[in-house]
Amino acid sequence: MFHWCPPVPLESVTLSRSAARCLPLQDHMLVCVFGDEHSPLLGLRNLVMPLRAGNLTGAELHTVLLLGSLQYLQREWEHIHYFPRIYILPGSPLCRADLRAAQVSQCASCLILSTCCDSSLEPSLQDKESVLASLNIQSMQFPDSRPDSSLAGSPHPGADDMKPPFRQSGLRVPVVADLVHSSNVQYMSSLDSLETSFSDLHLTQAFASGSVFSVGVLDSLVSATYFNRHAPALIRTLVTGGATPSVESQLAEEDMLRGGPSDVTSPHLRHHAKMAQLPLSRGPLANLSCGIFQELFCKSLDAFGILCLGLYRLLDAPNPALRRYCAALRLP
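Below is a short write-up of the structure. (Residues numbered from 1 in each chain as written. Predicted model: local features only at pLDDT ≥ 70, side-chain atom pairs only at ≥ 80, totals over all residues. Heavy atoms only, no water.)

## Describing the overall build of the protein chain
The line we're drawing: Helix numbering and strand numbering both begin at the N terminus, where a helix is a DSSP run of H or I of at least 4 residues and a strand a DSSP run of E of at least 2. We call a residue buried when its accessible area falls under 20% of the maximum for its residue type, exposed when it is over 50%, and partly exposed in between, using a 1.4 Å probe and counting protein chains only. Contacts: residue pairs with any heavy atoms within 4.5 Å of one another. All accessible-area figures derive from a Shrake-Rupley calculation using a 1.4 Å probe, and residue coverage is judged against the displayed protein chains alone.
Helix and strand counts for the protein chain come out as 12 helices and 8 strands. Here the protein chain holds 332 residues, and 34% of them are scored as buried. Taking the intrachain contacts of the protein chain between residues at least 6 apart in sequence as the baseline, contacts between residues at least 24 apart amount to 70%. Counting only carbon and sulfur atoms, one obtains 58% of the accessible surface of the protein chain, whose full area is about 19400 Å².

## Some remarks on the sheet that holds strand β1 (residues 29-34)
In any sheet, the strands associate via hydrogen bonds between backbone groups, in a parallel or an antiparallel arrangement. Selection criterion: Two strands make a pair as long as DSSP finds a minimum of two bridges between them. Note on geometry: axes are C-alpha line fits, over the in-contact stretch for helices, and angles between N-to-C directions span 0 to 180 degrees.
Here 6 strands make up an open sheet; going across it, the order is β3-β2-β1-β4-β5-β6 and the pairing parallel. Each of the sheet's edge strands pairs with one partner strand only, and the pair in question is β3 (86-90) and β6 (212-214). Strand-to-strand twist across the sheet, computed as the mean angle between neighbouring axes with direction ignored, equals 20°. By the bridge criterion, 6 bridges tie β1 to strand β4 (residues 109-114) in an arrangement that is parallel. Bridging from a neighbouring strand, Phe-34 pairs with Ser-114 of β4.

## Digging into the packing of helix α3 (residues 44-51) against helix α4 (residues 70-80)
Which entries qualify depends on this criterion: Roughly parallel here means an angle under 35 degrees, roughly antiparallel means over 145, roughly perpendicular means 65 to 115, and every remaining angle is called oblique. Left-handed is the label given to a crossing in which the near helix is rotated counterclockwise from the far helix by less than a right angle, and right-handed is the label when the rotation is clockwise. Basically, the charged four are Asp, Glu, Lys and Arg, the nonpolar ten are Ala, Val, Leu, Ile, Met, Phe, Trp, Tyr, Cys and Pro, and anything else, Gly included, counts as polar.
Contact geometry for α3 and α4: axes closest at 9 Å, N-to-C directions at 45°. Regarding the angle of α3 to α4, the classification is oblique. Two packed elements cross with a definite hand, and for α3 against α4 that hand is right-handed. Here Leu-44, Arg-45 and Val-48 of α3 come into contact with α4, specifically with Leu-73, Glu-76, His-79 and Ile-80. A per-class count over the contact of α3 with α4 returns 4 nonpolar, 1 polar and 2 charged.

## Observations regarding unusual backbone geometry
Positive phi, normally seen in glycine, also occurs at Asp-27, with a value near 60°. Position of Asp-27 relative to the elements: it lies in the loop between α2 (17-22) and β1. Despite not being glycine, Arg-85 has its phi angle at roughly 60°, a positive value. In this structure, Arg-85 sits in the loop between α4 and β3.

## Focus on α3
The condition that has to hold: What the arc measures is the spread of directions leading from the helix axis to the C-beta atoms.
Leu-44, Arg-45, Val-48 and Met-49 are the residues of α3 that are buried. Projection of α3 onto a plane perpendicular to its axis shows the buried side chains occupying an angular sector of 135°, all on one side.

## So, the environment of Met-1
By the secondary structure assignment, Met-1 is in the segment before α1 (10-13). On the basis of relative accessible area, Met-1 is assigned to the partly exposed category, the value being 23%. The spacing of Met-1 and Ala-53 is 52 residues in sequence and 6.4 Å in space, taken between C-alpha atoms.

## Focus: the pairing of strand β2 (residues 64-68)
Heads up, the condition is: Handedness of a crossover is defined as follows: with both strands directed away from the viewer, a clockwise route from the first strand across the helix to the second makes it right-handed.
The buried fraction of β2 amounts to 5 of the 5 residues, a majority that puts the element mostly inside the structure. Of the two faces of β2, the one carrying Val-64, Leu-66 and Gly-68 and the one carrying Leu-65 and Leu-67 are both buried. Sheet topology places β1 next to β2; 4 bridges connect them, and they run parallel. Following the sheet pairing, Val-31 is matched in β2 by Leu-66. The parallel pair β1 and β2 is bridged by α3, and the resulting crossover is right-handed.

## Brief notes about the pattern of salt bridges
Any two side chains of opposite charge can pair, given that their charged atoms come close. Selection rule: When a carboxyl oxygen of Asp or Glu lies within 4 Å of a side-chain nitrogen of Lys or Arg, that pair is called a salt bridge.
Using the criterion set out here, one finds 1 salt bridge in the structure. Here Arg-17 ties to Asp-98 by a salt bridge, and the two come within 2.6 Å at their closest N and O atoms. In this pair, Arg-17 sits in helix α2 while Asp-98 sits in helix α5 (residues 96-101), placing the two residues 81 residues apart along the sequence. Overall, the relative accessible area of 36% leaves Arg-17 in the partly exposed class. Overall, Asp-98 belongs to the buried group, its relative accessible area being 3%.

Right, here's the structure in full:
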């Protein structure tokens, strides 16, 4: 089950720079796409479907803004035009004016995708667009345009915690870049570039902090599937809340999703697994006194039925960019 709406015309969701600046974009998903009318399709529907999963409530849906060539995005639009709250900003991820119009400083996450499949290029050049776009965002500075009242703080306790954090530097923008060759991760981070030789993507700071993704990471999933055929179903359930036979039938027969008669407001239809990043300073986990991850894992599971897959921890000081790394559980 997914959030669905009647097909939306491309013209009604295509924004200009001025129109994008007027949108109240906060905590949104910014997807930067490199491609043109001749590029192969990435399949953005597979990206959007987990963001519109039925186990999410309407308040938990993030607005999705696609930044890239209009000629390419209009080819993808026929596969995602029935999902709500998706907008298109024609432009280039390398243009800072387009990035500022997309309010990259206020986004929940910025994903960089490239359709480059030219095997004749050197491996180090096949990811040049993704690398340049990531470095371009990191070097950006954002002036503080908030009113003085917001700087003084809200008179209501806890109100500031609900607002997205203001970022003055692009280093603090959560960027995830998809790389064709994992060895190009050395160009994404200053610390990784100091390594004399590239050994493993999993040992780099960029991968540990969630800044890069490579198709080679899926090799571990293929290996896990060989020993346990239920591994893909488990991951799919955690990400999308599970698939239904009706949805599978629609995608297999018609290659599209249609609205159904189900009452999506029924609570039992949304009672599925949900993956989320929870802070330890507030929320349900704030009252748990834990010294080590083992205690957090056991107490959260016993008290709330929450399965902790890992910790997203800050790097040791000095860390002006407030970078984090993920300490995750290993698959059995």
